[in-house]
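# Residue-level structural notes
Residue-level listing of the chains:
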Amino acid sequence: KAGVTQTPRYLIKTRGQQVTLSCSPISGHRSVSWYQQTPGQGLQFLFEYFSETQRNKGNFPGRFSGRQFSNSRSEMNVSTLELGDSALYLCASSLGTGGNTIYFGEGSWLTVV
Amino acid sequence: SQQGEEDPQALSIQEGENATMNCSYKTSINNLQWYRQNSGRGLVHLILIRSNEREKHSGRLRVTLDTSKKSSSLLITASRAADTASYFCATDAGNAGNMLTFGGGTRLMVKP
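In this text the structure is predicted, and so the values were computed from the model without any measurement. (Residues numbered from 1 in each chain as written. Chains lettered and ligands numbered in written order. Predicted model: local features only at pLDDT ≥ 70, side-chain atom pairs only at ≥ 80, totals over all residues. Heavy atoms only, no water.)

Turning our attention to unusual backbone geometry. Cis peptide bonds are those with omega within 30 degrees of zero, and the linkage from threonine 7 of chain A to proline 8 of chain A qualifies with -10°. Position of proline 8 of chain A among the secondary structure elements: in the loop between strand 1 (5-7) and strand 2 (10-13). Note that the residue after aspartate 7 of chain B, namely proline 8 of chain B, is joined by a cis bond; omega there is 0°. Positive phi values are uncommon outside glycine, yet serine 72 of chain A reaches one of about 75°. Residue position: serine 72 of chain A is located in the loop between strand 7 (64-68) and strand 8 (74-78). A residue is classified by how much of its surface remains accessible, and serine 72 of chain A, at 12% relative accessible area, is buried. Residues other than glycine seldom take positive phi values, yet alanine 78 of chain B does so here, at roughly 45°. Position of alanine 78 of chain B among the secondary structure elements: in the loop between strand 8 (71-76) and strand 9 (85-92). (Helix = DSSP H or I, 4+ residues; strand = E, 2+ residues; numbered from the N terminus. Buried < 20%, exposed > 50% of the residue type's maximum accessible area, 1.4 Å probe, protein only.)

With that settled, the discussion passes to the sheet that holds strand 3 (residues 19-24) of chain B. Paired through their backbone hydrogen bonds, the strands of a sheet run either parallel or antiparallel. Residue and element names in this part refer to chain B. In space, the five strands of this open sheet follow the order 1-3-8-7-6, with antiparallel pairing throughout. The open sheet has two free edges, formed respectively by strand 1 (6-7) and strand 6 (55-58), since each of these has just one partner strand. Note: strand 1 against strand 3, two bridges, orientation antiparallel. What sits directly across from glutamate 6, in strand 3, is cysteine 23. (Pairing = 2+ DSSP bridges.)

Another aspect to go through is the state of the cysteines. Simply put, the disulfide is a covalent bond whose two ends are the sulfur atoms of two cysteines. Across all of its chains, the model carries two disulfides over all chains by this definition. One disulfide in the model links cysteine 23 of chain A with cysteine 91 of chain A; its S-S distance is 1.8 Å. On the sign convention where negative means left-handed, the S-S torsion of about -65° between cysteine 23 of chain A and cysteine 91 of chain A marks this disulfide as left-handed. Here the residue cysteine 23 of chain A occupies a position in strand 3 (residues 19-24), and cysteine 91 of chain A occupies one in strand 9 (residues 87-94), the gap between them amounting to 68 residues. Put simply, cysteine 23 of chain B and cysteine 89 of chain B are joined by a disulfide, and their sulfur atoms are 1.9 Å apart. Of note, the bridge from cysteine 23 of chain B to cysteine 89 of chain B carries an S-S torsion of about 70° and is right-handed in sense. Here cysteine 23 of chain B is found in strand 3, whereas its partner cysteine 89 of chain B is found in strand 9, with 66 residues between them in sequence. This pair shows no difference in class: cysteine 23 of chain B is buried, exactly as cysteine 89 of chain B is. (Disulfide = S-S within 2.5 Å.)

Attention now goes to the side chain of glutamine 33 of chain B. Here glutamine 33 of chain B lies in strand 4 (residues 31-37). On the basis of relative accessible area, glutamine 33 of chain B is assigned to the buried category, the value being 0%. Of note is the side chain of glutamine 33 of chain B, whose polar atom sits 3.3 Å from the backbone oxygen of asparagine 100 of chain A. Of the polar contacts made by the side chain of glutamine 33 of chain B, one reaches the side chain of histidine 45 of chain B; its length is 2.9 Å. (Polar contact = N/O pair within 3.5 Å; in protein donor to acceptor, adjacent residues only side chain to side chain.)

Here's what the structure looks like:
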């Protein structure tokens, strides 16, 4: 059974640009959530989607957005990139929402220059 | 914001020794999960322990949970060089779905 797949693995963007990251959850999982990991702030929750609906949102500006498709695949978008957005973005999937084991992908490394 | 603290922040041991990492959290939880992260990689799930459980085992891993003290510990027995990684605890609370709140992590180095 394939794990959580994230693309791209590495990318470099310029300040002011936008970026879209993609996540394919484990087959059968309907919940997808996103996290940002930085050396200064650690691991922080961005948002969770379940059955195409955003269920929870972390404390991030509106430049960070996401969506989930009917096949449970998810994308997150960051617009007007800032240097501080450089981070490892991790996607996680779970069968349901609440109380289940949550599995993470390998992450997408974003560098903003 | 982080849910709590992990202790110690860094730990260096010899192969074959046991490693114990502690995690404290601030609010009531449904579950607590432990993850391992090798440098620059994603998080690997180790164990989930529910709030009504006190102890769980998986291979060389033993996790305890004390909800009265809002703390958990991860014990790795007979450590190996391959156990070198960062270890994180993460909690989910109430009706917050799959929103995990992470501790700062413990960096474990196992010397061969």
